[in-house]
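As a plain string of letters, each chain reads:
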Amino acid sequence: MTLPSEFSPGAFLAPAIDWLNANFHPFFALITRVIEAVLGAIEGALLALPPLGVIGLAVLAALLAIHLRAAILAGCCLGFCWLSGLWTGSMQTIALVAVAVTISVAIAFPLGILAARRPRLEAGLRPVLDIMQTVPPWVYLIPAVMIFSLGRVPAIIATIVYGVPPMLRLTTLAFRGVPRDLKELGQAIGAKPGTILWKIELPAARPTLLVGLNQCILLSLAMVVLAGLVGAGGLGAEVTRGLTRMEMGLGLRAGLAIVAVALLMDRLSRGAIERGGRRPG
Amino acid sequence: MEKANTDADTAEVLIDCRSVWKVFGERNAEAIRAITERGLTKKEILQQYNCVVGVSDATLQVRRGEIFCIMGLSGSGKSTLIRLLNRLIEPSLGQVMVKGQDIATLDAAALRRMRARHIGMVFQSVALLPQRTVLENAAFGLEVQGVGKDERNRAAQAALAKVGLADWTARYPSELSGGMQQRVGLARALTSDPEIILMDEPFSALDPLIRRQLQDEFRQLTKDLGKSAVFITHDLDEAIRIGDRIAIMKDGVIIQTGTAEEIVMNPADQYVADFVAGISRLHLVKAHSVMIPPGEWAGAPEGLPCCPPEADIDTLIATIAGSDRDAVAIVEGDAVVGIVTIRNLLSGVRGDAAAVPAAAA
């Protein structure tokens, strides 16, 4: 028995994408240019200096802004990337993930706070987040590549789609978890809503927010491999190369370099935020 | 009995709460209409509208310099009531006037100013910010008002000195005991120098000895600084220790308002009577409540030991025990206004209002 008609969203979506491409091309081109420019600037800055210079600067910054342990960790992670011969790929990946995570947090943080205050918004967001997390990234990469063509921009978009849900969910959880009496205190002493948010809610939410940021960074790095697939370069490209050529050594080195970059970014961002939050005012 | 209230009666009313209702639930608007138009009871509101009546027709006045206790068990609506006084909760019906101003009419900025300058609040959970030092916590109220760092720290330091924590300013809340944390909470409320302090069961979570100590200190401090306070508690002993007047709440209704003596001597209903049954009358009941007019006493008042009308039963017993007579003359100025016999004293100790002629007179 054959069905009268198959359910085929693609039949509607494909023309829609085509239409978007035809009518909004300048807009998408602008997005591409902005993202490429920012990425290029970060990458350029990281690659302009010799590797040892970058490592030295990173260690120094970690030592001054955080503490000795973070500085040692930064030295080890970057040192591994350099010694494994994947310095350029590592820097490209750091730039890619830094931009993707920044955009993810910029989207997820305010939305997460709103969702914590408006249960209806959260109820509406929940299925969207579920879809974002479960639909295989290859699926939404197709329209992204159709619109933005191959390269780093669709990779960043795929990464953002993957990075937003954990940050958003944990932001909502973090702000939900702020004790009610602390918020009441803010109101009772006549604090403005913005003051309550920054001086009471944010410090109380910080530990959960850090988990969210950690998840956002790690999941974004997991997408780096996929980014290699659509030609975004970086460590993902090395992993892909290792896979296609069945080179165990290259794949393993690139994989470990991804781990090193993940450790570096997570510990440094966490250390910086914790340090900044310990003694405010 | 009237004598005790004369001072308070003439003082300025700071908080005037007029027939305030609070109904919680999705259909609260309909429920309120049903209450005003058809006079439904709390139970009917719950059945017909699935709404909970938190506070029902509460009327109270807090005067300058007075400590007003609201006593009730959990679920009696006392925490809701205190939050209506600074509009942390919006009333469904009725008016709350603070310093002669209807707080429902204030816009957001004016309400913030009112809360910041005139109404301090202390919470049962203390609600200290864990990442700030004791000094920064105490100064927080002024900080959000935009007061400069030096000035607010000076005020916070002074407030902390008043609660005996001058040496602990650089510590973090987690380093302090529960009692000390609550002192910081009180200091934070005092730093902004408000006229009214709302105390939401501040000492309930403390152990008994510390609680008593803080009760006495709080009363002393409030009186010394000339503040007014609304004090929520589920403990009648605490209400009696601290409060100038007490309101007893049950199921969202204020059953009785009065001084501790009035409530103990003339409980409004069986619920209040059961509550006060275990309370010692020795220091609560005063001579003017148990005395009989001099004419009703068979003997001559000459030569009787004398006491003022404010003397409590404990003092009267000591006076009689120390003399060879069976009665005490109650003297106000130069005149004998009443006689207290041993029989009157015994009735007073029982707190049996019917057996106390003066209370009925």
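Residues numbered from 1 in each chain as written. Chains lettered and ligands numbered in written order. Predicted model: local features only at pLDDT ≥ 70, side-chain atom pairs only at ≥ 80, totals over all residues.

**Topic: the interface of chain A and chain B**
In this assembly, 16 residues from chain A lie in contact with 17 residues from chain B. Those elements that place two or more of their residues in the side of chain A that touches chain B are α9 (180-188), α10 (193-222) and α13 (248-278) of chain A. With 6 residues, the top contributor of residues to the side of chain A that touches chain B is α9(A). In the side of chain A that touches chain B, the residues fall into 7 nonpolar, 5 polar and 4 charged. (Contact = placed C-beta atoms within 7 Å. Helix = DSSP H or I, 4+ residues; strand = E, 2+ residues; numbered from the N terminus. Nonpolar A, V, L, I, M, F, W, Y, C, P; charged D, E, K, R; others polar.)

**Regarding the domain arrangement of chain B**
What the domain assignment reports for chain B is domain 1 (3-13 + 62-92 + 105-276) and domain 2 (287-360). On a C-alpha basis, the centres of domain 1 of chain B and domain 2 of chain B stand 37 Å from each other. (Domains from an automatic or database assignment.)

**What to know about the UniProt feature "domain: ABC transmembrane type-1" (unreviewed entry) in chain A**
In this structure's numbering, the residues bearing the UniProt feature "domain: ABC transmembrane type-1" (unreviewed entry) are residues 90-269 of chain A. Counted over residues 90-269 of chain A, helix gives 88% and strand 0%. Its end C-alpha atoms are 17 Å apart. (UniProt positions renumbered as here; feature names shortened; annotations may be inferred.)

**Details of the environment of B:Glu332**
All names here are of chain B. Within the secondary structure layout, glutamate 332 lies in strand β12 (residues 327-332). By the C-beta count within 10 Å, which is 14 here, glutamate 332 ends up partly exposed. When the C-alpha positions of glutamate 332 and serine 76 are compared, they lie 41 Å apart, and in sequence the two are 256 residues distant. Other than its neighbours up to four places away in sequence, glutamate 332 contacts Pro308, Pro309 and Val337. (Buried ≥ 20, exposed ≤ 12 C-beta atoms within 10 Å, placed from the backbone.)

**Some points on the UniProt feature "transmembrane region" (unreviewed entry) in chain A**
All names here are of chain A. Residues annotated by UniProt as "transmembrane region" (unreviewed entry) correspond here to residues 12-32, 44-64, 70-87, 94-117, 137-164, 209-230 and 250-269. What you have in residues 44-64 is 90% helix and 0% strand, and the ends, taken at the C-alpha atoms, are 24 Å apart. Taken as a whole, residues 94-117 contains 100% helix and 0% strand, while its terminal C-alpha atoms sit 34 Å from one another.

**A word on the nonpolar core**
Counting residues in each nonpolar core, the largest one holds 176 residues, and the members touching the most others are A:Ala74, A:Leu96, A:Val261, B:Val230 and B:Val340. Element by element, the count of residues in this core is highest for helix α8 (residues 152-176) of chain A, at 14 residues. Both domains that meet at this core, namely domain 1 (3-13 + 62-92 + 105-276) and domain 2 (287-360) of chain B, each give it at least three residues. In contact with A:Leu96, other than residues within four places in its own chain, are A:Leu39, A:Arg152, A:Ala155, A:Ile156, A:Val224, A:Ala227, A:Ala232 and A:Gly234. (Core = buried A, V, L, I, M, F, W, Y, C linked by C-beta atoms within 7 Å.)

**Some details on helix α2 (residues 28-38) of chain B**
Residues and elements named next belong to chain B. What α2 keeps buried is the set Asn28, Ala31 and Ile35. Projected down its long axis, α2 shows its buried positions confined to an angular sector of 60 degrees, all on one face. Along α2, exposed side chains directed more than 90 degrees from the buried face belong to Thr36, Glu37 and Arg38. Along its buried surface, α2 packs onto β1 (13-24) and α3 (42-49). Note on α2: the residue one or two positions beyond its end, glycine 39, has a positive phi of about 65 degrees. (Arc of directions from axis to C-beta.)

**Side note on α9(A)**
Those residues of α9(A) that fall on the buried side of the exposure criterion are A:Glu184, A:Leu185, A:Gly186, A:Gln187 and A:Ala188. Along its buried surface, α9(A) packs onto α10 of chain A together with α5 (108-118) and β6 (119-122) of chain B. At the C-terminal side of α9(A), A:Gly190 shows a positive phi close to 80 degrees.

**Thoughts on the sheet that holds strand β2 (residues 52-63) of chain B**
On the basis of which strands lie adjacent, the open sheet formed by 4 strands has the order β2-β1-β4-β5 (chain B) and antiparallel pairing. On the outer flanks of this sheet lie β2 and β5 (101-102) of chain B, each paired with one strand and no other. (Pairing = 2+ DSSP bridges.)

**Quick word on the UniProt feature "domain: ABC transporter" (unreviewed entry) in chain B**
This chain's UniProt record puts "domain: ABC transporter" (unreviewed entry) on residues 40-276 of chain B. Summarising residues 40-276 of chain B: 43% helix, 22% strand, and an end-to-end C-alpha distance of 30 Å.

**As for unusual backbone geometry**
Most of the time, phi is negative for any residue but glycine, and the peptide bond is trans. All names here are of chain B. Unusually for a residue other than glycine, aspartate 57 sits at a positive phi of about 55 degrees. By secondary structure assignment, the location of aspartate 57 is in strand β2. Assessed through the 15 C-beta atoms surrounding it within 10 Å, aspartate 57 is described here as partly exposed. One non-glycine residue, glutamate 201, lies in the positive phi region at around 45 degrees.

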